[in-house]
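Okay, here's what each chain looks like letter by letter:
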Amino acid sequence: MGLFDRVSRLLRANVNDMVSKAEDPEKILEQAVMDMQEDLVQLRQAVASSIANQKRTEQQYNKAMADANSWQSKAQLALQKGDEDLAREALVRKKNYSETAGSLKAQLDGQAGMVDTMKKSLIQLEGKISEAKTKKDMLKSRSQAAKAQEQLQGAVGRLGTNSAMAAFERMEEKVLIQEAKSQAAAELTGADLESKFAALSAGSDVDDELAAMKQQMLGGSTPTAALPQGAVSPTSTTPKDTVKAPMTPQDEELEALRKQIDGL
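Residues numbered from 1 in each chain as written. Predicted model: local features only at pLDDT ≥ 70, side-chain atom pairs only at ≥ 80, totals over all residues. Heavy atoms only, no water.

(A) Seen up close, the overall build of the protein chain. Along its length, the protein chain carries five helices and zero strands. Classification of the 264 residues of the protein chain by burial places 14% in the buried group. A fraction of 77% describes how many contacts in the protein chain between residues 6 or more apart in sequence connect residues 24 or more apart. Working note: accessible area of the protein chain is about 20,800 Å², and carbon and sulfur atoms make up 58% of it. (Helix = DSSP H or I, 4+ residues; strand = E, 2+ residues; numbered from the N terminus. Buried < 20%, exposed > 50% of the residue type's maximum accessible area, 1.4 Å probe, protein only. Contact = heavy atoms within 4.5 Å. Areas by Shrake-Rupley, 256 points an atom, 1.4 Å probe, with all protein chains shown as cover.)

What follows is the structure, given as structure tokens:
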């Protein structure tokens, strides 16, 4: 194969490929219907022109027949008057018009057949155009549906790598981290409260022991184990037999604190 043939085939292949890719079904269908409508317009004009020619030929035929009949009558009149020469001349004219009428009749029959054929072709073309329009609308709807489906599938396929979805995933991770921090802070706050209540309980035991020691000192008894609040030591004396020593300001403060705790 020659170089020129190879280059020519390559160019034609590339051009055909470009044309195929550039073809839009909707546009191609619209153009096809437009071309058919243009053909329909031209055919209608041709049919109209043929019908006009047929009418004109029919008029000429009718006139030729009328002239032939007229010369026939004139020939009869001349013969009745005894003028054979004039009658012969009239018959010659009649013959000419009759021949013309015969020629026009043949032409008229041919035009009538052609007009009938063109009318049938016109009806067929109109039917094809109507069918083409219906099919065009159907194919356009299918093409649009196919394009919409292709766009939808493309959008669905891009969801996994779409930057917006990636942003949603990042924000979800941040929210999870914030929730974890909030939960940890709540747990730490609860532990701090428990430690405070434990410290309060421990402080109450010390206060009870301090109150017991104070009572022992005031009563002059030997040290005993701390008694529950409100209990009386067996070795202690009644308030009547006990002589209280003067209270120092610290003792009075401790006593007020004890009463305050007892009143809780």
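(B) Spotlight on the packing of aromatic side chains. Evaluation of the coordinates by the stated rule reveals zero aromatic pairs. The ring centre of Trp 71 lies 4.2 Å from the NZ or CZ of Lys 74, which sits over that ring. (Phe/Tyr/Trp six-rings, centres within 6.5 Å; stacked < 30°, edge-to-face > 60°. Lys NZ or Arg CZ within 6 Å of the ring centre and 35° of its normal.)

(C) Just helix α2 (residues 25–80), in detail. Between its terminal C-alpha atoms α2 stretches 82 Å, which fits the 82 Å expected from 56 residues at 1.5 Å a residue. Of the residues one or two after α2, Gly 82 is the one with positive phi, at around 85°. (Expected span 1.5 Å × (residues − 1).)

(D) Structural context of the environment of Lys 147. Residue placement: Lys 147 occurs in helix α3 (residues 84–158). For Lys 147, a relative accessible area of 35% puts it in the partly exposed group. Excluding its chain neighbours within four sequence positions, the residues that come into contact with Lys 147 are Asp 24 and Glu 26.

(E) Spatial organisation of the nonpolar core. Judged by nonpolar contacts, Leu 40, Leu 43, Val 47, Met 118, Leu 122, Leu 125 and Ile 129 together constitute the single largest core of seven residues. Listing elements by their share of this core, those giving two or more residues are α2 and α3. Setting aside its immediate chain neighbours within four residues, Leu 43 contacts Met 118, Ser 121, Leu 122 and Leu 125. (Core = buried A, V, L, I, M, F, W, Y, C linked by side-chain atoms within 4.5 Å.)

(F) Just a nonpolar patch on the surface, in detail. Together, Leu 210, Leu 254 and Leu 257 make up a nonpolar patch on the protein surface, roughly 220 Å² of accessible area in all. Mapped onto the elements, Leu 257 comes out in helix α5 (residues 249–262). (Patch = residues over 30% accessible without salt bridge, like charges linked within 9 Å, V, L, I, M, F, W, Y side chains within 5 Å. Salt bridge = Lys/Arg side-chain N within 4 Å of Asp/Glu carboxyl O.)

(G) Focus on the pattern of salt bridges. In total, this model carries seven salt bridges according to the counting rule given. Between Lys 136 and Asp 137 there is a salt bridge whose closest N-O contact spans 3.8 Å. Asp 137 sits in the partly exposed class, given a relative accessible area of 44%. Through salt bridges that share partners, Glu 30, Lys 136 and Asp 137 make up one connected network.

(H) Up close: the side chain of Gln 111. Structurally, Gln 111 is set in helix α3. Residue classification places Gln 111 among the buried positions, given a relative accessible area of 11%. Excluding anything up to four places from it in sequence, Gln 111 contacts Asn 53, Gln 54 and Thr 57.

(I) Fine view of the confidence of the model for the protein chain. For the protein chain, per-residue confidence averages 77 on the pLDDT scale, and residues scoring 70 or more make up 69% of the total. Element-level pLDDT for the protein chain is lowest in helix α1 (residues 3–22), with a mean of 66, against a maximum mean of 89 in α2. Note that residues 221–243 has pLDDT below 50 and, in this model, 12 contacts with residues that lie over four places away or in other chains. (pLDDT = per-residue confidence, 0-100.)

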